Amino acid sequence: MIGMKLMAQVKLLPTPEQADALRQTLERANAACRFVSDTAWETKTFRQYDLHHKCYQAIREQFHLSAQVAVRAIAKVADAYKLDRKTKRTFKTTGSIAYDDRILSWRLQDKTVSIWTVNGRLRIPFGCGERQLEMLQTRQGESDLGLYKGLFFLSATCEVDEPKPIDVEGALGVDLGVVHIVVDSDGVVHSASHINNVRHRRRRLRAKLQAKGTRSAKRKLRRLSGKERRFAKDTNHCISKKLVAKAKDTNRAIALEDLGGIRERVTVRRSQRATLHSWAFFQLRSFVTYKAKRVGVPVFLVDPRNTSRTCPACGHIDKANRPSQSKFSCMVCGFAGLADHIAAINIGRRAAVNPPIVARDAANAGLVPELRQSAVTSQPL
């Protein structure tokens, strides 16, 4: 088996004194990052090796950080400038910082960590679920300490076994949309009505509170922050879990539309822009992909063009085959049905999951090798 990397996030449960030490550590480490960034920008020095020689000793003396925290601060700045060197990088006061095994050790048996702070090493308990605890058994590399809404979290990189892809027969086509989040080729519909209702209510409420502008309205806005995003994320998790379980139980691969760049390609009315841009189809695709990899289900991306205009019975392609958003009716053979279901069927057929074995002319070699045809309309992830 080969490994795949996943993130396990746990919540630290510090005492008030420990929480204060953790906050001071974040503040001091990020202040050191800002100092390194100033030096990098003024001297046009961006490589980690060169920044280390310029800033390491000053960081130790000025910010009183441990050797390894100073090294990680320099690495954080160098990584930030890898994208480009045209803009000076700034760092939030309590932005996350990386810990390696020299300054952070895990004790999973009693769910505690020993972590370096400006007040010395502290033993802090953490809380997590059984799945995260199982993943932490294979933890590798660094862990990030972050602060979110007054709570401290550790995010650790874990390497879990990725089984070999199973032998499949056919593909489960999946059509993504705004009216229906997901419709699969079996005709199962996951409606988006409940998500859209929540989004519309939240949008109206935010608009009213922003228009009011009082301190109590701003407190309410802070409490609501992220609630809609977490709700949509949970929904995507549930849907992706069901899709992967169905594909595995029926011995099929999963075929998804390749919707990269759809926001740039699609033009919608002003009233529909918020709905389109809050559509987390990439998140859903990423959830399906990693969950499928964990159980050995292949995932394919296919070209979505004309999938909802192509008749699965006779193959006729015509814009008139789709008289409305929800309805499909072939102009030639009369085949009709839900447009998203028709699209899902065509998506499943475009994924060349089990290509036929063909023989090439092997006169020169005297042998006939068995070769698999390459799929021209699909890309395995």
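Residues numbered from 1 in each chain as written. Predicted model: local features only at pLDDT ≥ 70, side-chain atom pairs only at ≥ 80, totals over all residues. Heavy atoms only, no water.

### Some thoughts on the pattern of salt bridges
Next, step 1: Within the structure shown, the criterion is met by 16 salt bridges.
Next, step 2: Between Arg 139 and Asp 101 there is a salt bridge, and its shortest N-O distance comes to 3.1 Å. A residue pair is termed long-range when its members are at least 10 positions apart, and Arg 139 in strand β6 (residues 139-148) and Asp 101 in the loop between β2 (97-99) and β3 (104-107) qualify at 38 residues.
Next, step 3: Between Asp 186 and Lys 246 there is a salt bridge, with its nearest N and O atoms 3.7 Å apart. Of this pair, Asp 186 sits in the loop between β9 (180-184) and β10 (189-191) while Lys 246 sits in helix α7 (residues 227-249); the two residues are 60 residues apart in sequence, bridging distant segments of the chain.
Next, step 4: On the accessibility criterion, Asp 186 (40% relative accessible area) is partly exposed.
Next, step 5: Judged by relative accessible area, Lys 246 falls into the partly exposed class, the value being 22%. (Salt bridge = Lys/Arg side-chain N within 4 Å of Asp/Glu carboxyl O. Helix = DSSP H or I, 4+ residues; strand = E, 2+ residues; numbered from the N terminus. Buried < 20%, exposed > 50% of the residue type's maximum accessible area, 1.4 Å probe, protein only.)

### Considerations on the packing of α7 against helix α10 (residues 281-295)
Next, step 1: Packing of α7 against α10 brings their axes to within 9 Å, and their N-to-C directions diverge by 40°. One finds that α7 runs oblique with respect to α10. Remark: the crossing between α7 and α10 carries right-handed chirality. Between α7, through Ala 232, Lys 233, Asn 236, His 237, Ile 239, Ser 240, Lys 241, Leu 243, Val 244 and Lys 248, and α10, the contact on the second element is made entirely by Gln 283, Leu 284, Phe 287, Val 288, Tyr 290, Lys 291, Ala 292 and Val 295. (Axes fitted to C-alpha atoms, helices over the stretch in contact; angles between N-to-C directions. Parallel < 35°, antiparallel > 145°, perpendicular 65-115°, else oblique. Left-handed = near helix turned anticlockwise from the far one by under 90°. Contact = heavy atoms within 4.5 Å.)

### Brief notes about the side chain of Thr 310
Next, step 1: Inspection of the secondary structure puts Thr 310 in the loop between β12 (299-302) and β13 (327-329).
Next, step 2: There is a polar contact of 2.6 Å between the side chain of Thr 310 and the backbone oxygen of Asn 306.
Next, step 3: Look past the residues within four positions of Thr 310 in its chain and what remains in contact with it is Gly 315, His 316, Ile 317, Phe 328, Ile 342, Asn 346 and Arg 350. (Polar contact = N/O pair within 3.5 Å; in protein donor to acceptor, adjacent residues only side chain to side chain.)

### Focus on the pairing of β9
Next, step 1: For β9, a buried count of 5 out of 5 residues is recorded, marking the element as mostly surrounded by other parts of the structure.
Next, step 2: As paired strands, strand β8 (residues 171-176) and β9 are joined by 3 bridges and run antiparallel to one another. Bridge pairing in β9 links Leu 176 to Val 182.
Next, step 3: What sits between β8 and β9 in their antiparallel hairpin is a turn of 3 residues.
Next, step 4: Examined bridge by bridge, β9 and β10 share 3 bridges and lie antiparallel to one another. By the bridge assignment, His 180 is partnered in β10 with Ser 191.
Next, step 5: Between β9 and β10, which follow one another and run antiparallel, lie 4 residues, and Gly 187 among them has a positive phi close to 90°. (Pairing = 2+ DSSP bridges.)

### Notes on the packing of aromatic side chains
Each aromatic ring pair is specified by the distance between its two centres and by the angle formed by the two planes.
Next, step 1: Under the definition given, this model contains 4 aromatic pairs.
Next, step 2: Summarising the aromatic geometry, the rings of Phe 287 and Tyr 290 are spaced 6.3 Å apart at their centres and angled 85° between planes, so their arrangement reads as edge-to-face. Separated by 3 residues within a single helix, Phe 287 and Tyr 290 lie in helix α10, roughly one turn from each other.
Next, step 3: Positioned over the ring face of Trp 41 is Lys 44, at 3.7 Å from the centre of the ring. (Phe/Tyr/Trp six-rings, centres within 6.5 Å; stacked < 30°, edge-to-face > 60°. Lys NZ or Arg CZ within 6 Å of the ring centre and 35° of its normal.)

### Brief notes about helix α5 (residues 193-212)
Next, step 1: Taking 1.5 Å per residue as the helical rise, α5 with its 20 residues ought to reach 28 Å, and the 29 Å between its terminal C-alpha atoms agrees with that figure.
Next, step 2: Ile 195, Asn 196, Val 198, Arg 199 and Leu 209 are the residues of α5 that are buried. All buried residues of α5 fall inside an arc of 160° around its axis, so they share one side. Counted as exposed and oriented over 90 degrees from the buried face of α5: Lys 208, Ala 211 and Lys 212.
Next, step 3: One or two residues past the end of α5 sits Gly 213, with phi positive at roughly 75°. (Expected span 1.5 Å × (residues − 1). Arc of directions from axis to C-beta.)

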